[in-house]
Amino acid sequence: MDSLPAVGDRNTQTIVCSFCDDIILRPQTAILTNKPTLLPQMNIEKTPSSDTESNRLSINGSDHICDSLESFWLVSDMFTFENVGFSNTVNNQTKYLVCANCERGPIGFSPINPSTRQLEKEFYVAIDRIKYK
């Protein structure tokens, strides 16, 4: 994808896993949104942030270095995904999304409703964690 669409636009291309090229979302199935979030780093070579102390997240008692991400593809129905797996609930508030084929991730997240402990109808896929075909 040459240029990022505007917030509120739908994806015009197929969204695939950065590692195995499996399809995650078909065109026109997600809406671009901004939601500043800390997401645990994937196992890829990256230059560490100069401010790593503020980019840490405690996950079930263990500290994890995170990336501060802002732009996500928003999906409102989990059955829209072609090939996504979900983690166990983390800190009673989040499930992380991974590629169901190669199990790499997290590529995104879904918040848990604290009162019902059920998934919200919001699934976020980080634009920095996928590619397009």
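One can find the structure itself at the top, above this paragraph.
Criteria and cut-off values
- Residues numbered from 1 in each chain as written.
- Predicted model: local features only at pLDDT ≥ 70, side-chain atom pairs only at ≥ 80, totals over all residues.
- Heavy atoms only, no water.
- Core = buried A, V, L, I, M, F, W, Y, C linked by side-chain atoms within 4.5 Å.
- Buried < 20%, exposed > 50% of the residue type's maximum accessible area, 1.4 Å probe, protein only.
- Helix = DSSP H or I, 4+ residues; strand = E, 2+ residues; numbered from the N terminus.
- Lys, Arg positive; Asp, Glu negative; His and termini not counted.
- Salt bridge = Lys/Arg side-chain N within 4 Å of Asp/Glu carboxyl O.
- Polar contact = N/O pair within 3.5 Å; in protein donor to acceptor, adjacent residues only side chain to side chain.
- Contact = heavy atoms within 4.5 Å.

Caption draft 1: Local environment of the nonpolar core. Counting 19 residues, the largest nonpolar core has I24, L25, W73 and F81 as the members making the most contacts within it. Every element with two or more residues in this core is listed here: strand 1 (15–17), strand 2 (23–25), strand 5 (62–75), strand 7 (94–99), strand 9 (123–126) and strand 10 (130–132). Listed in part, the 8 residues of the second largest apolar core include F72, F109, Y124 and A126.

Caption draft 2: Representation of the side chain of K95 in the model. Mapped onto the elements of the fold, K95 is located in strand 7. Buried K95, no salt bridge; nearest opposite-charge side chain is E120, N-O distance 13 Å. At 3.4 Å, the side chain of K95 forms a polar contact with the backbone oxygen of S87. Once you skip the residues sitting within four places of it in the chain, K95 turns out to touch F86, S87, N88, T89, F109, S110, I112 and L119.

Caption draft 3: Seen up close, the side chain of T14. Following the sequence through the fold, T14 ends up in the segment before strand 1. In contact with T14, other than residues within four places in its own chain, are I23, L25, P27, K131, Y132 and K133.

Note that every value here comes from positions in space, so none of it alone points to a role or purpose.
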